[in-house]
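Spelled out from the first residue to the last, the chains are:
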Amino acid sequence: MKDTPRYKNPALPVQERVNDLLARMTLHEKVMQLNQRPIGEDSNPNNASTWTEFDPLLGSVLSFFGGVDARNAYQRVAMEQTRLGIPIIWGFDVIYGYKHIFPIPLAQASAFSPKLVQDIVANSAVEARNETGVDLVFAPMCEVCRDPRWGRVMESYGEDTWLVSKLTEASVRGVAQASPNMSACLKHFCGYSASMGGRDYHATEIPDLAMRETYLPPFEAGVKAGAKVIMSSFNTLNGIPAVRHRGLLNDILRGEWHFPGFVVADCLAVAQLQDQGFTADAEKQATAALSAGNDMDMVSLVYLALEKAVQEGRIQEALLDTAVAHVLTVKFELGLFEHPYIEEPLPFPAPDLAKLAMDSALKTAVLLENRHETLPVPPGLRKIALVGPAAADCSVYIGGWAVVAKATREYTTTLRDEISTYFPGADIAYSRGCGFLAEDGDDEAIAAAVQAAAKSEVIFAALGERGNMSGEYRSRANLGLPGRQLKLLEALRKTGKPLVVLLFTGRPLCLQEVADNCDALLLLWENGFRGAAAAWELVTGKATPSGKLPMSFPRVVGQIPCHYNQRPSCRSLKENFQAEYIDLEEGPQYPFGHGLSYTAFGYDDLHIAKTGDGFRAEVTVTNTGKRPGQETVIWYLGDPEADIVQPQWKVIGAGQVALAPGEKQTVGLDILPDRDLAYPDATGRRQLEPGRFILNASRRCQAEFWL
Ligand code: BGC
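Residues numbered from 1 in each chain as written. Predicted model: local features only at pLDDT ≥ 70, side-chain atom pairs only at ≥ 80, totals over all residues. Heavy atoms only, no water.

A. Spotlight on the site of the ligand. If you check the shell around the ligand, you find 14 residues, and the closest are Asn47, Asp93, Arg152, His188 and Asp266. Note that an oxygen atom of the ligand is positioned 2.7 Å from one of the side-chain N or O atoms of arginine 152. Contact between the ligand and lysine 187: an oxygen atom at 2.8 Å from a side-chain N or O atom of the residue. Its free accessible area being 310 Å², the ligand has 100% of it covered by the protein chains. Tallied by class, the residues present in the shell around the ligand amount to six nonpolar, three polar and five charged. (Near = heavy atom within 4 Å. Polar contact = N/O pair within 3.5 Å; in protein donor to acceptor, adjacent residues only side chain to side chain. Areas by Shrake-Rupley, 256 points an atom, 1.4 Å probe, with all protein chains shown as cover. Nonpolar A, V, L, I, M, F, W, Y, C, P; charged D, E, K, R; others polar.)

Given below as structure tokens:
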């Protein structure tokens, strides 16, 4: 024990171990700790790259999906055949599942349930660790997203800062629940989601006030919840690329939030400083990023230039030491020195993944329209038509980010696979009608589908986006149904049969014509490997939809941004929305928080009382319909007399009740003035102004109170 170096002694404080190890490291060893790259194929298709050689001095490996044994074998080389035996930290994009795929994060947000998010994340993290040895999960993407043209909204928790913050915390907790040897990585820091026009990778202009109000809080919440790693983003923010944004990476992250972990640049982002118009000089790129506070480089290898820069005195080694210390701190804190290998498989927190997948797909579906109580369909149907390109296509359940599951339909079934279980003995006419692309299909195929459907008692049209139409580098300028699908729907409408649209999408779409051409519209998102069965459970009334939109659905693209939490205009014509355009109805097609049920809920008796440290609000929710159902009460705050004008409404809480027909229950909210009524200025300082506030419950009733 006497000769054991201090950094190998788990009984010592992390800081002491870091200092001891750092003092033993050569310059080259330090530089290598700041590099992350794949071995073999990069599993993320957006960063297609292949590395055949393996360097055991690497700080981190990403996207490795070669299995636990291979991972352990590489790790063994790092541990046993290098001078200091520093473990590699293994990162992977476990965004909403590994092999078993759950609903996409935007769908998860529709359930308004941190517990659901934590369950999905914990189980996915366990699977990824057991399958291929992941220490670092590149999620959650905790960017507030307000532009559905941007394909990556599917990875987000939507447009509301409170909701994104709560679900970010849940996701961070989920990874830690999977294993104390794992951490979440918050991404992308910061402002990437506001890229100009929703065009991926483009620059972002965000005023400081909006950063403080909207974009930074979920990251701060994630840091407080214990995320040990943050990924700096691709974008230029107000003229400064995020990987060299000292204000973000140094002043806010370290100075204000005291973040102890490390920052890794997004893939190739440091080298992309050239494209962004900073410099093509690798050393200048590396030193600018490092000195701004970006500790690790992902894939670009630009940080290798740091070695010479230090040797020749162009940057101080101390700068490097700070970054290496951040990386080592995380490795020590995660116990990687003591547990470098994947040993026993971890137990899944959920004993039955299929049940979790079913439950989450049920809770995340959002009923957008239901005219004449078309849903649930009556029992005993004998002739059913299932039409549309999404009916038998696995990609719509798996979505764009499931890098490992995409290749296989190992667990995923489709609507077509599942339909006969839910309508035993019925005569089912299936036809695709058209594809997802304009060139896939013709008028004849549509006519044939309509002819087949015309004989049925009900038509289910499975429509939407194919799984690869959202995600990274999947921006869209048109948000209607892609391809010939609207034509198909309009033709089906002419049959006069009850018409139910089952909608799959990774982003909000513009659905005016869709809504006009159907009786019921059930949004399923991209809803995971039990998503098809869940859809039929909902359609047949075995389960009741309860999801609420986490992001507004615009009527037309020209209306974007149309998120709910905007500042009021100077001429308010209506309470919620101002006259906006001479050629468009006001407000989005489906606002944030919209979501119907098969039953109905009444809201009464909203009252607000003063308590010792703030206020207590309560509202009575009654199930006034004929079926049991779950209601989410969304609490919106209005601050109509503020020094810095506040958004007309902002969410400060949400609560849920499950009610039998006729049953009522009180749903409460504690309001803490510093947390809920104060707001930040452009420097982040929070101010609390006495005065009048309005509390609104689910846009159904509201009451005033005074601070
Ligand atoms: C994405 C990140 C991802 C990384 C690693 C990048 O293209 O922007 O979200 O974590 O690749 O795969």
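B. Just the side chain of serine 233, in detail. Tracing the backbone shows serine 233 in the loop between strand 8 (229–232) and strand 9 (236–237). For serine 233, the side chain forms a polar contact with the side chain of asparagine 235, separated by 2.6 Å. Discounting chain neighbours no more than four positions away, the residues touching serine 233 are His188, Phe189, Cys190, Tyr192, Ala242, Val243 and Ala269. (Helix = DSSP H or I, 4+ residues; strand = E, 2+ residues; numbered from the N terminus. Contact = heavy atoms within 4.5 Å.)

C. Inspection of the pattern of salt bridges at higher detail. Enumeration according to the criterion identifies 43 salt bridges in this entry. Two residues, aspartate 321 and lysine 30, come together in a salt bridge whose shortest N-O distance is 2.9 Å. One end of the pair, aspartate 321, is in helix 12 (residues 317–333); the other, lysine 30, is in helix 2 (residues 27–33), with 291 residues separating them in the sequence. Here aspartate 321 falls in the partly exposed class, since its relative accessible area comes to 21%. A salt bridge links glutamate 369 to arginine 371; the shortest N-O distance between them is 3.5 Å. (Salt bridge = Lys/Arg side-chain N within 4 Å of Asp/Glu carboxyl O. Buried < 20%, exposed > 50% of the residue type's maximum accessible area, 1.4 Å probe, protein only.)

D. Seen up close, the domain arrangement of the protein. Parsing the protein into structural domains produces domain 1 (353–559) and domain 2 (601–706). Its C-alpha centre places domain 1 at a distance of 34 Å from the equivalent point of domain 2. Contact residues are listed per partner, giving five residues for domain 1 and six residues for domain 2. A combined buried area of about 500 Å² lies between domain 1 and domain 2, and 46% of that area is made up of carbon and sulfur atoms. Of all residues in domain 1, Thr544, Ser546 and Lys548 bury the most surface against domain 2, accounting for 70% of the area lost on that side. For the pair domain 1 and domain 2, the interface holds one salt bridge. For lysine 548, the salt bridge goes to glutamate 631, with nearest N and O atoms at 3.2 Å. Viewed at the interface, domain 2 and domain 1 are joined by one residue pair in polar contact (both at pLDDT 80 or more). (Domains from an automatic or database assignment. Buried area = accessible area lost by both parts, 1.4 Å probe.)

E. View of the sheet that holds strand 19 (residues 601–610). Strand order in the open sheet formed by three strands is 19-20-23, and the pairing between neighbours is antiparallel. The outermost strands of the open sheet, each flanked by one partner alone, are strand 19 and strand 23 (664–671). Averaged over neighbouring strand pairs, the angle between their axes works out to 20 degrees when direction is ignored. Here strand 20 (residues 615–623) runs beside strand 23; their pairing, made up of eight bridges, is antiparallel. Within strand 23, the position partnered with alanine 617 by the bridge is leucine 669. (Pairing = 2+ DSSP bridges. Axes fitted to C-alpha atoms, helices over the stretch in contact; angles between N-to-C directions.)

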